[in-house]
Amino acid sequence: MDRANPPTSVAHYNVNYGNFKADVYAQIRQEAFGEDIGQNSWHTADEQNRFLSWLELDQGKRLLDVACGAGGPALRIAANSGCSVTGVDVHQQALNTARSLAAERGLAGRAEFRVVDATQPLPFPDAHFDAITCIDAINHLADRPGILAEWTRVLKPGGRVLFTDPIIVTGPLTNTEISVRTSAGFYLVVPRGYDELVLAQSGLRLLTNEDVTENMARIAEARHAARAARSAALREIEGDGAYGDEQEFLAVTGRLAREGRLSRFVYCAAKLGGSEH
């Protein structure tokens, strides 16, 4: 079991991953994100297209996607760039879906998905990957200096790391708001500037740093509305308690993001020793 994700968190994510292919969840993703790429975060296809341009991926290169979930975003990168992808996650149900999607899309030869505890040393050799992504999940990993040091180890010189941190403190928060926003397991809540400091300490050169809170605000609100419109079906699947908890989580997430009090930033950095040195 991933120590960063205790049983309550696993149950929370299994509601989504266990029902990933159900029509009602596909409808919610389509309505909330505009394009369903199999995401379970604040990530859109347009945003991924922009991020992909920073990673310099093409045929023959290798991407590691940490906390890949059901694999949709990683598979879209493989299809659009020609690279091969390795997705790691602690949730077996998510990875079962990822493998099924890879087979359906004819990408099984360029995509593998493995159960890996990302809080532990990664089961890959040094300088193995050309790029690493982690979308809206680094906040679930406790030891950020250790995590980034491990990512740096498995990254080739000049290779790129891209992650979003969706829980950066940028305003006043109540204890109740923090409790709701961090209800799905372990969360590392950090102040603005912390990620830049840890990146520099990890032998990574920061290339890009952008505020992408607007996506989180908009998608949280859209997911809340799309779920509310299908509340009867969702209550039957999830149960009243889990349905209500998820709605409260989305409402609080949207409000804190809209008011600029808990923000989301994207970071892209390069490992020293390559062309970016």
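Residues numbered from 1 in each chain as written. Predicted model: local features only at pLDDT ≥ 70, side-chain atom pairs only at ≥ 80, totals over all residues. Heavy atoms only, no water.

## Topic: the overall build of the chain
Okay, step 1: Helices and strands together make up the secondary structure of the chain, namely 11 helices and eight strands.
Okay, step 2: On C-alpha atoms alone, the chain measures out to a radius of gyration of 18 Å, which is about the 19 Å that the 2.2 N^0.38 rule sets for 277 residues.
Okay, step 3: Overall, the C-alpha framework of the chain stretches about 55 × 45 × 35 Å when taken along its three principal axes.
Okay, step 4: Counting contacts in the chain only where the partners sit at least 6 residues apart, residues at least 24 apart contribute 78% of the total.
Okay, step 5: A total of about 11,100 Å² of accessible surface is found on the chain, and carbon and sulfur atoms cover 51% of it.
Okay, step 6: A distance of 3 Å separates the average location of the 28 positive side-chain charges in the chain from that of its 35 negative side-chain charges. (Helix = DSSP H or I, 4+ residues; strand = E, 2+ residues; numbered from the N terminus. Rg over C-alpha atoms; globule rule 2.2 N^0.38 Å. Contact = heavy atoms within 4.5 Å. Areas by Shrake-Rupley, 256 points an atom, 1.4 Å probe, with all protein chains shown as cover. Lys, Arg positive; Asp, Glu negative; His and termini not counted. Charge placed at Lys NZ, Arg CZ, Asp CG, Glu CD.)

## Thoughts on the side chain of Asn139
Okay, step 1: Among the structural elements, Asn139 can be located in the loop between β4 (129-134) and α6 (144-154).
Okay, step 2: By relative accessible area, Asn139 is classed as buried at 2%.
Okay, step 3: Residues within four places of Asn139 in sequence aside, it is in contact with Arg144, Asp165, Pro166, Ile167, Phe186, Tyr187 and Leu188. (Buried < 20%, exposed > 50% of the residue type's maximum accessible area, 1.4 Å probe, protein only.)

## Some words on the state of the cysteines
Okay, step 1: Within the structure shown, the criterion is met by zero disulfides.
Okay, step 2: This cysteine, Cys68, is not joined by any disulfide, and Cys134 carries the nearest cysteine sulfur, 10 Å off.
Okay, step 3: When its relative accessible area of 7% is taken as the criterion, Cys68 is described as buried.
Okay, step 4: Unpaired in terms of disulfides, Cys268 finds its nearest cysteine sulfur in Cys134, a separation of 14 Å. (Disulfide = S-S within 2.5 Å.)

## Here we look at the environment of Gln59
Okay, step 1: Mapped onto the elements of the fold, Gln59 is located in the loop between α3 (45-55) and β1 (62-66).
Okay, step 2: Not counting the four nearest positions on each side in its chain, Gln59 is found in contact with Ser81, Gly82 and Cys83.

## A short note on helix α9 (residues 213-228)
Okay, step 1: Under the 1.5 Å per step criterion, the end-to-end length of α9 is 23 Å for 16 residues, consistent within 8% with the ideal 22 Å.
Okay, step 2: Buried residues of α9: Thr213, Asn215, Met216, Ala217, Ile219, Ala220, Arg223, Ala226 and Arg227, and no others. (Expected span 1.5 Å × (residues − 1).)

## What to know about the environment of Arg99
Okay, step 1: Within the secondary structure, Arg99 is located in helix α5 (residues 92-104).
Okay, step 2: Separated by 65 residues in sequence, Arg99 and Thr164 place their C-alpha atoms 24 Å apart.
Okay, step 3: Setting aside chain neighbours within four positions, we find Arg99 in contact with Gln92, Phe113, Arg114 and Val115.
Okay, step 4: Of note is the side chain of Arg99, whose polar atom sits 2.6 Å from the backbone oxygen of Phe113. (Polar contact = N/O pair within 3.5 Å; in protein donor to acceptor, adjacent residues only side chain to side chain.)

## Some remarks on the confidence of the model for the chain
Okay, step 1: The predicted model of the chain has a mean per-residue pLDDT of 91, with 91% of residues at 70 or higher.
Okay, step 2: Residue range residues 1-8 is modelled with pLDDT below 50. Its contacts to residues more than four positions away, or to other chains, number 20 contacts. (pLDDT = per-residue confidence, 0-100.)

## Considering the nonpolar core
Okay, step 1: Counting 29 residues, the largest nonpolar core has Leu64, Val66, Ile132, Trp151 and Phe163 as its most contacted members.
Okay, step 2: Taken together, the elements giving at least two residues each to this core come down to β1, β4, α6, β5 (155-169), α8 (194-201) and β8 (262-271).
Okay, step 3: When near neighbours in sequence (up to four residues on either side) are disregarded, Leu64 contacts Thr86, Val88, Leu122, Phe124, Phe129, Ala131, Ile132, Thr133 and Val154.
Okay, step 4: Judged by nonpolar contacts, the second largest core, of 25 residues, contains Phe51, Cys68, Leu95 and Ala111. (Core = buried A, V, L, I, M, F, W, Y, C linked by side-chain atoms within 4.5 Å.)

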